[in-house]
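Structural features, examined
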Amino acid sequence: MSQVTILYFGRLREDAGTHQEEVNTAASTIADLIRERAQTLDFPYKIQSLRFARNEALCPADESIHNGDTIAFMPPMAGG
Amino acid sequence: MLFSLTEKPIRPDLLRSPMLNQEAGGFCVFEGWVRNHHLGRGVTRLDYEAYQALALKVGEKILHEILDQHSLTGIRAEHRIGSLVPGDLAIWVGACAPHRDKAFEACRHAVDEIKAHVPIWKHEFYTDGSDEWVDPTACHCAHSHSSKTTEGA
């Protein structure tokens, strides 16, 4: 098990009811982590359309996660 | 610093003046303004939210790459965050180059890359009291436009 901080943004933040949470997880990748969180949260986007960051760096869903990481779950970007 | 975020109104005059360069023969600027309509609905307000630490890193990387790729003399962009109303300036992008073609190309390139890759999100509020997070990947099947023409600035 590892402890990670999850950051939510945009509609994900609203639906999660928080911008940030600490979770204990058995997930070894970000994809595993989001599947785990999807058991308790309804994600309003297809997982394929989400973007992820690990410790303030964009990364793919198959990125490994480690104890103490900060993982961001991000909706499709919509600036401009 | 080439890319910045601001919670205050963007000041184009302050962004432009440091770019003046006697090696540049052309300066192209894009200003993205908040529209009072989107997909046929009246818009009263937009809230922009960013993952600020990551947005600054990604925006900076994009602009440095475009600066080199188009052999520019300068490039600069600023994106507003927080609550905006129609008529407000949401994004300012300026590029200057020895010749105009590169300035035009780089400015367009930078706007497109920022919209696609910088972690910023837009929450629209409508005249009918409803609101919606803008999702450029969503299918607007009633409209035949591409996402580039149906999304915001």
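This text follows the structure it describes.
Keep in mind that this is a model prediction, so the values were computed, not measured. Residue positions are given per chain, counted from 1 along the sequence in the order it is written. Chain letters start at A and ligand numbers start at 1, both assigned in the order the entries are written. For a predicted model such as this one, the threshold for reporting local features is a pLDDT of at least 70, and the threshold for listing and counting side-chain atom pairs is 80 or more; totals across whole chains, interfaces and linings nevertheless cover every residue. Based on all heavy atoms of the structure, the side-chain values leave hydrogens and waters out of the count.

**Some remarks on the interface of chain B and chain A**
- Whether two residues touch is decided by their heavy atoms; if any such pair falls within 4.5 Å, the residues are in contact. Contacts between chain B and chain A engage 25 residues on the former and 21 residues on the latter.
- Across the chain B/chain A interface, buried area totals approximately 1,900 Å², and carbon plus sulfur atoms make up 59% of it.
- Values labelled buried area give the accessible surface lost by two parts on being combined, using a 1.4 Å probe and summing over both. Sorting the residues of chain B by area buried against chain A places Tyr-51, Trp-121 and Trp-133 of chain B first, and these three jointly supply 34% of that buried surface.
- Salt bridges are counted wherever a side-chain nitrogen of Lys or Arg sits within 4 Å of a carboxyl oxygen of Asp or Glu. Here chain B and chain A share 2 salt bridges between them.
- As used in this structure description, the phrase polar contact means that two N or O atoms lie within 3.5 Å; if the pair is within protein, one of them must be able to donate a hydrogen and the other to accept it, and residues adjacent in sequence are counted only when both atoms belong to side chains. Taken together, chain B and chain A are joined by 12 residue pairs in polar contact (both at pLDDT 80 or more).
- Those elements that provide at least two residues to the side of chain B that touches chain A are strand 4 (41–50), helix 2 (52–69), helix 3 (100–117) and strand 8 (120–126) of chain B.
- Its residues placed into classes, the side of chain B that touches chain A shows 16 nonpolar, 4 polar and 5 charged. Secondary structure elements follow DSSP: runs of H or I of four or more residues count as helices, runs of E of two or more count as strands, with numbering from the N terminus. Gly counts as polar in this scheme, as do all residues outside two lists: the nonpolar Ala, Val, Leu, Ile, Met, Phe, Trp, Tyr, Cys and Pro, and the charged Asp, Glu, Lys and Arg.

**Considering the nonpolar core**
- The definition of a nonpolar core used throughout is a set of buried Ala, Val, Leu, Ile, Met, Phe, Trp, Tyr and Cys residues joined through side-chain atoms within 4.5 Å. With a 1.4 Å probe rolled over the protein chains alone, any residue whose accessible area is under 20% of its type maximum counts as buried; one over 50% counts as exposed, and the rest are partly exposed. Of all hydrophobic cores here, the largest spans 61 residues; its most connected members are Leu-33, Phe-73 and Met-74 of chain A together with Tyr-51 and Leu-63 of chain B.
- When sequence neighbours within four positions are dropped, the list of residues in contact with Met-74 of chain A reads Phe-9, Leu-12, Leu-50, Arg-51, Phe-52, Ala-53 and Leu-58 of chain A together with Tyr-51, Leu-54, Pro-119 and Trp-121 of chain B.
- Membership of the second largest hydrophobic core comes to 6 residues, among which are Leu-15, Met-19, Leu-89 and Trp-92 of chain B.

**Considerations on the sheet that holds strand 4 (residues 58–59) of chain A**
Residues and elements named next belong to chain A.
- Two strands qualify as a pair provided that DSSP identifies no fewer than 2 bridges between them. Ordered in space as 2-1-5-3-4, the 5 strands form an open sheet in which the pairing is mixed. Each edge of the open sheet carries a strand with a single partner, namely strand 2 (20–25) and strand 4.
- Across 4 bridges, strand 3 (residues 51–54) lies against strand 5 (residues 70–74) in antiparallel orientation. Looking at strand 5, one finds that Arg-54 is bridged to Ile-71.

**Quick notes on helix 3 of chain B**
Residues and elements named next belong to chain B.
- Taking 1.5 Å per residue as the helical rise, helix 3 with its 18 residues ought to reach 26 Å, and the 26 Å between its terminal C-alpha atoms agrees with that figure.
- Buried within helix 3 are the following residues: Ala-103, Ala-106, Cys-107, Ala-110, Val-111, Ile-114 and Lys-115. Within helix 3, the buried residues cover an arc of 160° as seen down the axis, which keeps them to one side. Of the exposed residues in helix 3, those oriented more than 90 degrees away from the buried face are Phe-104 and Arg-108. One less than the number of residues in a helix, times 1.5 Å, gives the span that helix is expected to have. Throughout, the arc means the angular range of directions from the helix axis out to the C-beta atoms.

Function cannot be inferred from these measures alone, as they are strictly geometric.
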